[in-house]
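Take a look at the letters that make up each chain.
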Amino acid sequence: MFCCGTDKEAMLNGQSRSDERSWLPSSLTQAMKNTFQEKVTRWDVCFIAPELMLTDEEKLDASGTAAARQEQLDQLKLRRNETLKMIEQSGLVISCFFDKIEETAVNEDPSFLDKVKACLPGGKTHVPGSTVTYWLISAPEAKLREAAAAIGLEKQLKNESTTEAYSKDEVFAEYTIQTHDDFRADKDGSFFTTLERLQCIFHLIESPVYESPGCAAIDLDKDVKDGVWTSYFCLAEKDRRDSLTAKWVSVWTPWRSPPVQEIRDYLGEKVALYFAWLHMYTTWLFTLGLCSLVPYIYSHTWNDSPTDTPYDNWAMPIYGLLSMIWAQLFLEAWKREQSMWSYVWNTEDFEEEEALRPEFRHISLQYKKEWDLRNGYQKEEDLSWYQRNYDRKKGDTKKGRWTSVGFVSVPEEEHLNVQEVEWFSPRVRIWRLFLTASTTIILVAIIFSVTIILQAMKTYIAYRGGPLYGDFSQYIAALLQSAFIFIMTYIWSKIGPIMNNWEMHRTDTEWEDALMFKTFGFQFINSYGPAFYIAFVQSAHWTIPFLSLGTDDEGNDIPLRDHCLEDKCYKAIYLQMLIIILTKQVLRNFLAIVPPIINYAVSFCFPTKGDAMPGSDMHEFQIEVMRQSTLIRFPGTHVEYIEMAIQFGYVAIFAVAFPIGTIVCWLNNLVEKRADAFKINNLMQRPRYMGAQDIGSMQTILEAVAVISVFTNCGILYLSSEAYYSYFPVSWGERPNFKVFVFTIVVEHLVLLMKQVVAQLIPDTPSWVEMARARGVMRKEARTMNRLTDTQIKYKQHYDESKGAQWEYKGNYELS
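Residues numbered from 1 in each chain as written. Predicted model: local features only at pLDDT ≥ 70, side-chain atom pairs only at ≥ 80, totals over all residues. Heavy atoms only, no water.

## Structural notes on the overall build of the protein
Alright, step 1. Of regular secondary structure, the protein possesses 28 helices and 13 strands.
Alright, step 2. When contacts within the protein are restricted to residue pairs at least 6 apart in sequence, those whose partners lie at least 24 apart make up 77%.
Alright, step 3. Total accessible area computed for the protein in this model is approximately 39,000 Å², and 59% of it derives from carbon and sulfur atoms. (Helix = DSSP H or I, 4+ residues; strand = E, 2+ residues; numbered from the N terminus. Contact = heavy atoms within 4.5 Å. Areas by Shrake-Rupley, 256 points an atom, 1.4 Å probe, with all protein chains shown as cover.)

## What about the nonpolar core?
Soluble, globular proteins show a tendency: their nonpolar side chains are buried together.
Alright, step 1. One finds Trp277, Tyr281, Phe648 and Met698 to be the most contacted residues of the largest nonpolar core, which totals 92 residues.
Alright, step 2. If near-sequence neighbours (up to four positions away) are discounted, Met698 is found in contact with Trp277, Met516, Tyr641, Met644 and Ala645. (Core = buried A, V, L, I, M, F, W, Y, C linked by side-chain atoms within 4.5 Å. Buried < 20%, exposed > 50% of the residue type's maximum accessible area, 1.4 Å probe, protein only.)

## Topic: the side chain of His505
Alright, step 1. Along the chain, the position of His505 falls in the loop between α18 (467-502) and α19 (508-536).
Alright, step 2. Residue classification places His505 among the buried residues on the basis of a relative accessible area of 4%.
Alright, step 3. A distance of 2.6 Å separates the side chain of His505 from the side chain of Glu503, its partner in a polar contact.
Alright, step 4. Excluding anything up to four places from it in sequence, His505 contacts Arg357, Phe360, Arg429, Asn500, Glu510, Trp511, Ala514 and Lys518. (Polar contact = N/O pair within 3.5 Å; in protein donor to acceptor, adjacent residues only side chain to side chain.)

## Brief notes about the sheet that holds strand β9 (residues 420-424)
Alright, step 1. The 3 strands lie next to each other as β8-β7-β9, forming an open sheet whose pairing is antiparallel. Pairing within the sheet leaves two strands with one partner each, and these edge strands are β8 (406-409) and β9. When strand polarity is set aside, the average angle formed by the axes of neighbouring strands in this sheet is 80°.
Alright, step 2. For strand β7 (residues 395-403) and β9, the ladder comprises 5 bridges, and the chain directions are antiparallel. When the bridges of β9 are listed, Thr397 appears paired with Glu422. (Pairing = 2+ DSSP bridges. Axes fitted to C-alpha atoms, helices over the stretch in contact; angles between N-to-C directions.)

## Focus: the pairing of β7
Alright, step 1. The sheet contact formed by β7 and β8 spans 4 bridges and is antiparallel. Counterpart to Thr403 in the pairing with β8 is Gly406.

## Structural notes on unusual backbone geometry
Alright, step 1. A cis geometry characterises the amide bond from Ser212 onward to Pro213, with omega recorded as 5°.
Alright, step 2. Structurally, the position occupied by Pro213 is in the loop between α8 (194-206) and α9 (220-226).
Alright, step 3. Here Ala217, not a glycine, exhibits a phi torsion of approximately 55°, which is positive.
Alright, step 4. Relative to the helices and strands, Ala217 resides in the loop between α8 and α9.
Alright, step 5. Positive phi values are uncommon outside glycine, yet Met504 reaches one of about 60°.
Alright, step 6. Relative to the elements of secondary structure, Met504 occurs in the loop between α18 and α19.

## Structural notes on the packing of helix α12 (residues 269-301) against helix α13 (residues 315-344)
Alright, step 1. The geometry of α12 relative to α13 is characterised by a closest axis approach of 10 Å and an angle of 160° between their N-to-C directions. One element, α12, and the other, α13, form an angle in the roughly antiparallel class. Read as a crossing pair, α12 and α13 show a hand that is right-handed. Listed contacts from α13 to Leu273, Ala276, Trp277, Met280, Tyr281, Trp284, Leu285, Thr287, Leu288, Cys291, Ser292 and Pro295 of α12 are Ala315, Met316, Tyr319, Leu322, Ser323, Trp326, Leu329, Phe330, Ala333, Trp334, Glu337 and Trp341.
Alright, step 2. Here the contact of α12 with α13 is built from residues that sort into 20 nonpolar, 3 polar and 1 charged. (Parallel < 35°, antiparallel > 145°, perpendicular 65-115°, else oblique. Left-handed = near helix turned anticlockwise from the far one by under 90°. Nonpolar A, V, L, I, M, F, W, Y, C, P; charged D, E, K, R; others polar.)

## Topic: the pattern of salt bridges
Alright, step 1. Counting across every chain of the model gives 30 salt bridges.
Alright, step 2. Because the salt bridges share partners, they merge into one network encompassing Arg79, Lys222, Asp223 and Asp226. (Salt bridge = Lys/Arg side-chain N within 4 Å of Asp/Glu carboxyl O.)

## Points about the packing of aromatic side chains
Alright, step 1. Per the counting criterion, the structure on display carries 38 aromatic pairs.
Alright, step 2. Considering the side-chain rings of Tyr367 and Phe424, the 5.9 Å spacing of their centres and the 45° angle between planes classify their relative orientation as tilted. You can see Tyr367 sitting in helix α15 (residues 358-375) and its partner Phe424 sitting in strand β9, a full 57 residues away along the chain.
Alright, step 3. One aromatic cluster is present, formed by Trp248, Tyr274, Phe275, Trp277, Tyr281, Trp284, Trp326, Phe330, Tyr641 and Phe648 through successive ring pairs. (Phe/Tyr/Trp six-rings, centres within 6.5 Å; stacked < 30°, edge-to-face > 60°.)

## Things to note about the packing of helix α11 (residues 260-267) against α12
Between two packed helices, the angle of one axis relative to the other and the distance separating the axes together describe the packing.
Alright, step 1. Two elements in contact, α11 and α12, have axes whose closest approach is 7 Å; the angle formed by their N-to-C orientations is 150°. The angle between the axes of α11 and α12 places the two elements in the roughly antiparallel class. Helix-helix and strand crossings are classified by hand; for α11 and α12 the assignment is right-handed. In this structure, α11 uses Val260, Ile263, Arg264 and Leu267 to contact α12, whose residues at the interface are Glu269, Val271, Ala272, Phe275 and Ala276.
Alright, step 2. Across the contact of α11 with α12, the residue classes tally to 7 nonpolar, no polar and 2 charged.

## Considerations on the environment of Glu348
Alright, step 1. Turning to its location among the elements, Glu348 is positioned in the loop between α13 and α14 (350-353).
Alright, step 2. With 346 residues separating them in the primary sequence, Glu348 and Asp694 have C-alpha atoms 8.5 Å apart.
Alright, step 3. A polar contact is formed between the side chain of Glu348 and the side chain of Arg773, at a distance of 2.3 Å.

## Let's talk about the pairing of strand β2 (residues 93-98)
Alright, step 1. Taken across its 6 residues, β2 has 6 buried, putting it largely inside the fold.
Alright, step 2. Residue alternation in β2 divides its side chains into two sets, Val93, Ser95 and Phe97 and Ile94, Cys96 and Phe98, and both sets are buried.
Alright, step 3. For β2 and strand β3 (residues 132-138), the ladder comprises 6 bridges, and the chain directions are antiparallel. Of the residues in β3, the one forming a bridge with Ile94 is Ile137.

## What to know about the sheet that holds β3
Working definition: the strands of a sheet are paired by backbone hydrogen bonds and lie parallel or antiparallel to each other.
Alright, step 1. One open sheet accounts for 4 strands, arranged β2-β3-β1-β6; its pairing is antiparallel. At either margin of the open sheet sits one strand with a lone partner, and together these are β2 and β6 (231-234). Sheet twist, expressed as the mean angle between neighbouring strand axes with direction ignored, is 20°.
Alright, step 2. As paired strands, strand β1 (residues 45-50) and β3 are joined by 6 bridges and run antiparallel to one another. Bridge pairing in β3 links Cys46 to Leu136.

## Comments concerning the environment of Val444
Alright, step 1. With respect to the helices and strands, the residue Val444 is situated in helix α17 (residues 426-465).
Alright, step 2. The spatial distance from the C-alpha of Val444 to the C-alpha of Phe524 is 9.0 Å, given a sequence separation of 80 residues.
Alright, step 3. Residues within four places of Val444 in sequence aside, it is in contact with Gly521, Phe522 and Ile525.

## Side note on the confidence of the model for the protein
Alright, step 1. Residues with a pLDDT of 70 or more make up 73% of the protein, whose mean pLDDT is 77.
Alright, step 2. Here residues 101-129 is a poorly scored stretch, pLDDT under 50, and it has 69 contacts once near neighbours within four places are set aside; other chains count.
Alright, step 3. When the criterion is pLDDT under 50, residues 806-816 qualifies, and its contacts beyond four places in sequence or with other chains add up to 23 contacts. (pLDDT = per-residue confidence, 0-100.)

## Re the side chain of His180
Alright, step 1. The topology assignment puts His180 in the loop between β5 (172-174) and α8.
Alright, step 2. On the accessibility criterion, His180 (12% relative accessible area) is buried.
Alright, step 3. Contacts of His180, omitting those with residues within four sequence positions, involve Arg145, Tyr175 and Phe191.

Following this line, the structure appears as structure tokens:
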């Protein structure tokens, strides 16, 4: 390929040019040689390096600002060179090229390009006209094998490998160098797929130095934040991207399943699981949407609604019951689908084996260093009372292992040969969790207060303005509420990740789960607050504080009791949900797809030049890399999951208030599936590998929504629906009625019991997966027995006989 030039001898023997840019440290000479010796056929990751030089305005600054800025730039140059040195020492291959070169420099000196591309060891080269350098990272095959074995890479087996060492049901297994020949090579002839290469390369770059096979321990996100790099991204694979475009992005058949396996092979398990979930959710929405049409058609064909809404009729309570059962059945169906993919991809223990986040390791070591400097590197038992109680270590390195339940330390008296790993104080972390939870509650209280003000304003305007302003005020309040929701969502998008980072989560999965929990808690009030207020506050005729209808004869204020116009709360909820769902779904799709499209178009309209010969393959490659660098970075699936969770709440929690919302959401999701596929596959930078065992906290959120939906739907029917009371004898009285209340509570508990029965009756894992797991365990035991010595065989036989098992060793471990 290319490493700041294609001439190996020129690279090693050229003459240096003296200028202000510190270009390449001498320690990277061997890395440049490796580019040719290892015959690199593909570049995987690109780092974008800005020009670290003073601007013309900064050079003319007579104050001390220029000197301070120059010192800062020198520190960034030093960090960049150290980063490149550590990457080279980890065994990776490095290359670079410039964004552009002034044509005048080439005209003045025909050999200028050769001199620039020489990249002399230890030299300093300034490239006229260039402002950005693109550093390309790759890895030789041997290093990829070592890294794959170190991380236990889940790789697809050959078809013929499933007869002896592996079960016929096993599709993926952990890669080892000893079993190299059992695994399937990529379709382009290379052994590792581009996704597997990315897994190994980021392991070598970001994992700590004590991890095999010798990693660089670089926190890339921190380097980007500090300005060492502008950004970094994974290079796209054209063949797989084009294949996904043809089979997935360009297909508009609503019922066609996405190619989940191919998505996984290119984008990772997390993205593949999201699209598998989205497809199943959309399919199930269609079945519920058909049911929602029954009360609508009935109202417009045979009967008028008693509350002037197209749904308040005898069919609505039945639809509400069906929606509650539907939610539980959908969740159980997804659990089975999820467990199937988890088994096929062999990611059932992913979260247990997931690596520490580079941010977690970096901050823990930083706290350790600060504490050691402050306390003179003393042992903990030598500390003073004040230090032990009020200056405890926030971060440290300890012998032990992180598990799903926390850190398991190794007692010093056992003297086990266990590697020290980064540790963060649980006490400090709990305190931080408390503070972030308090901040979230304060924001939620602000949202709740604004919601009350908007709804009270609607009632006050209706009272002061009369019937003419009554209907108008409902629409104004709903539109203002929608605008407020978008504003608060934007504010949270900035504050939420900052608080989440401060909580010091150990792995990427924990970080994302925590962010999803907090975000959904915030969005719950932000999105559902107005509807809850109408359904459970206005329908109960609560008093509005600080507002009154005037004074009575004795001078006392007459309280203004908030209520729905003409006491038709069912209609008010209907209008509120209609406006919010339509505006939210349309604007969300618009804001999600339009910026990437604009960015994508700009990347073609204003291409940069590169420093290779125009028209050459190298020039085309450079242009493609620079084009990809201008695309938007994929923010992660948690953003999409939260939006879908909010939508699921609209469908389930307010099913009896706005059933037609199911059809609206189904139509939206038909567009959403294609828009998300096009956005992630074509309009954004290829995301780095994102593994996943399941959909994480999204499952818990959906289950919580399903439970809440039982209470809300029963409450809305009891407080607001006139048709619901038609099921009861007239002698029971009008709403609200205590007898009807008792009946509603009984039905509510029966539905909750029914949901639990359904959850218990439907297994979370398909039977064929359970049997395949059992066969896999037996085969692993057989492979273990084949390696046993005679003494171990006798011990194993004695142990099994004590358990009542009968067996015979015949060279292969067989149950008899």
